[in-house]
Amino acid sequence: MIQLDAGNVLLKPSQRKQLLSWLRRSLRLGQRLGDFVLKISLHRVGKAYEVVANVHDRAGDFGCRARQSQMRYALRDLVRMLSQRLQLQRFQGALA
């Protein structure tokens with residue numbers, strides 16, 4: 001499940017759709033782990049965009065944060081971090 005808090009940033013429908021397509025891999029990995037909840041908050045701080053994600057799943061909880069001058073780059077960095085951390089949790093669970 002995904003919860004998106006746009007904060008003080010106005011997201012167009014096309015941007016939401018693009019974000020969900022970028023998150024598709026992370027969602028699949030999280031659902032394989034089970035009990036998956038992803039909370040994303042997006043804020044504009046000065047001239048930068050800050051994106052914070054909190055993840056809860058059966059393997060544990062973790063958070064990721066990305067800050068960039070453009071919203072697209074911040075979201076892209078966050079999605080990459082999420083997929084890497086979820087993949088790491090999945091492999092650690094397989095080894096245990």
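Just so we're clear, the structure is a prediction, and the values are computed from it rather than from any experiment. (Residues numbered from 1 in each chain as written. Predicted model: local features only at pLDDT ≥ 70, side-chain atom pairs only at ≥ 80, totals over all residues. Heavy atoms only, no water.)

A. Representation of the pairing of strand 4 (residues 60–68) in the model. Direction of pairing for strand 3 (residues 48–57) relative to strand 4: antiparallel, over a ladder of nine bridges. If you follow Asp 57 over to strand 4, its bridge partner there is Gly 60. Hairpin connection between strand 3 and strand 4: a loop of two residues separates the two successive antiparallel strands. (Pairing = 2+ DSSP bridges. Helix = DSSP H or I, 4+ residues; strand = E, 2+ residues; numbered from the N terminus.)

B. Representation of the nonpolar core. Grouped together as the largest cluster of nonpolar side chains are 26 residues, with contacts concentrated most on Leu 38, Leu 78 and Leu 82. For this core, the secondary structure elements donating two or more residues are helix 2 (24–33), strand 2 (37–45), strand 3, strand 4 and helix 3 (71–95). Considering every element that reaches this core, the biggest residue donor is helix 3, with seven residues. Among residues more than four places away in sequence, those in contact with Leu 38 are Met 1, Ile 2, Gln 3, Leu 23, Ala 53, Asn 54, Val 55 and Leu 82. (Core = buried A, V, L, I, M, F, W, Y, C linked by side-chain atoms within 4.5 Å. Buried < 20%, exposed > 50% of the residue type's maximum accessible area, 1.4 Å probe, protein only. Contact = heavy atoms within 4.5 Å.)

C. A look at unusual backbone geometry. In this structure, Asp 35 takes a positive phi of about 55° despite not being glycine. As for its position among the elements, Asp 35 is in the loop between helix 2 and strand 2. Among the residues examined, Asp 35 registers a relative accessible area of 47% and is labelled partly exposed.

D. A look at the pattern of salt bridges. Evaluation of the coordinates by the stated rule reveals two salt bridges. Residue Glu 50 is joined to Arg 65 by a salt bridge in which the shortest nitrogen-to-oxygen separation is 2.6 Å. Taken together, the residues span a long stretch of sequence, with Glu 50 in strand 3 and Arg 65 in strand 4 at a distance of 15 residues. Judged by its relative accessible area of 16%, Glu 50 falls in the buried class. Of the charged contacts in the structure, one is a salt bridge between Arg 76 and Asp 77, with a shortest N-O distance of 3.9 Å. Here Arg 76 falls in the partly exposed class, since its relative accessible area comes to 32%. (Salt bridge = Lys/Arg side-chain N within 4 Å of Asp/Glu carboxyl O.)

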